Amino acid sequence: MTIVRRPSPFGEMMTLRQAMDRLFDDDYRPFRWLSGGFDGPGLPLDVVTDADKLTIEAALPGVAPDDVDITIENGTVTISGKTATERTGDEGSYLVQEIRRGSFSRSVTLPTGLEADKATATFEHGVLRLSIPKAEQVKPRQIKISPVSNGHAERTIDQPAESRA
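Residues numbered from 1 in each chain as written. Predicted model: local features only at pLDDT ≥ 70, side-chain atom pairs only at ≥ 80, totals over all residues. Heavy atoms only, no water.

Enquirer: Would you mind going over the pairing of strand E6 (residues 120-124) with me for this structure?
Expert: Strand residues, when the strand is regular, have side chains that alternate between the two faces of the sheet. Relative to strand E7 (residues 127-133), E6 runs antiparallel, the two sharing 5 bridges. By the bridge assignment for E7, phenylalanine 123 is matched with leucine 128. A loop of 2 residues connects E6 with E7, the two strands running antiparallel in sequence, and histidine 125 in this loop sits at a positive phi of about 55°. (Pairing = 2+ DSSP bridges. Helix = DSSP H or I, 4+ residues; strand = E, 2+ residues; numbered from the N terminus.)

Listed below in structure tokens is the structure:
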């Protein structure tokens with residue numbers, strides 16, 4: 001007796017889905033390498049905001065601080081620069097080439113209410129940290145509510161609720 005296996009039509013759909021995932025994956029963008037530089041996810045950023053400031057961290061391993069430019073104009077911060085030049089062919093042929101070389105640039109639109117003229121930047125261990133303080137008028141403020149009885153505000157007792165009983 002011969003067992004005949006028939007391929008599942010769903011198996012073909014899974015491979016199509018995997019191919020589409022690979023096509024749109026951030027790490028698989030061959031056109032990014034052809035332009036001579038890199039953009040988008042090629043310059044990884046973390047942008048964090050808290051009550052006092054907005055902080056942008058950029059991973060720039062192997063880049064000297066003098067080779068990085070930061071500009072803030074019209075509500076947009078741009079981090080650009082250049083890395084080491086291409087290696088010559090005298091050093092051998094590449095089997096794998098994943099280190100990005102050349103120029104880079106990344107722009108981020110900033111929220112309103114930041115004081116760009118008071119921005120500070122540090123560069124340590126290949127990580128650029130840009131800190132932009134928030135303006136006083138956009139910082140969150142805590143407003144205390146006073147209890148009102150008979151139309152007049154009265155001071156409450158500064159004791160825990162358990163000890164008043």
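Continuing now.
Enquirer: Teacher, can you tell me more about a nonpolar patch on the surface here?
Expert: Among the surface-exposed residues, Leu16, Met20 and Leu23 lie close enough to one another that they form a single nonpolar patch of about 270 Å² accessible area. Considering the arrangement of structural elements, one finds leucine 23 in helix H1 (residues 9-24). (Patch = residues over 30% accessible without salt bridge, like charges linked within 9 Å, V, L, I, M, F, W, Y side chains within 5 Å. Areas by Shrake-Rupley, 256 points an atom, 1.4 Å probe, with all protein chains shown as cover. Salt bridge = Lys/Arg side-chain N within 4 Å of Asp/Glu carboxyl O.)

Enquirer: Whenever I open this one, the environment of arginine 100 confuses me. Can you help?
Expert: One can find arginine 100 in the loop between strand E4 (76-82) and strand E5 (103-109). On the accessibility criterion, arginine 100 (26% relative accessible area) is partly exposed. The spacing of arginine 100 and alanine 84 is 16 residues in sequence and 8.9 Å in space, taken between C-alpha atoms. (Buried < 20%, exposed > 50% of the residue type's maximum accessible area, 1.4 Å probe, protein only.)

Enquirer: Please clarify how the nonpolar core should be interpreted in this entry.
Expert: One broad trend across soluble globular proteins is that nonpolar side chains are buried collectively. In terms of nonpolar packing, the biggest core is built from 17 residues, with Leu45, Ile56, Leu60, Val68, Ile79 and Leu110 touching the most fellow members. Not counting chain neighbours up to four residues away, the residues in contact with isoleucine 56 comprise Leu45, Asp46, Val47, Val77, Ile79, Leu110, Leu128, Arg129 and Leu130. (Core = buried A, V, L, I, M, F, W, Y, C linked by side-chain atoms within 4.5 Å. Contact = heavy atoms within 4.5 Å.)

Enquirer: Got a minute to help me understand the pairing of E4 in this structure?
Expert: Examined bridge by bridge, strand E3 (residues 68-73) and E4 share 6 bridges and lie antiparallel to one another. From the neighbouring strand, valine 68 faces E4, where its bridge partner is glycine 81. Two successive antiparallel strands, E3 and E4, enclose a turn made up of 2 residues, where asparagine 74 displays a positive phi of approximately 55°. Pairing analysis gives 7 bridges linking E4 to E5, with the strands arranged antiparallel. Residue serine 80 lies in a different strand from E5, and its bridge partner there is serine 105.

Enquirer: Just to check I follow, could you spell out the sheet that holds strand E1 (residues 45-49) for this structure?
Expert: For sheets, the rule is that strands pair by backbone hydrogen bonds, running either parallel or antiparallel. The 4 strands are arranged E1-E2-E7-E6 in an open sheet whose pairing can be described as antiparallel. Whereas interior strands pair on both sides, the edge strands pair on one side only; in this sheet they are E1 and E6. The average undirected angle you get between the axes of adjacent strands in this sheet is 15°. (Axes fitted to C-alpha atoms, helices over the stretch in contact; angles between N-to-C directions.)

Enquirer: Before we go on, may I ask you to explain the sheet that holds E3 in this structure?
Expert: In space, the 3 strands of this open sheet follow the order E3-E4-E5, with antiparallel pairing throughout. Looking at strand neighbours, the two that pair on one side only are E3 and E5, the edges of this open sheet. The mean angle between the axes of side-by-side strands here comes to 15°, regardless of whether they run parallel or antiparallel.

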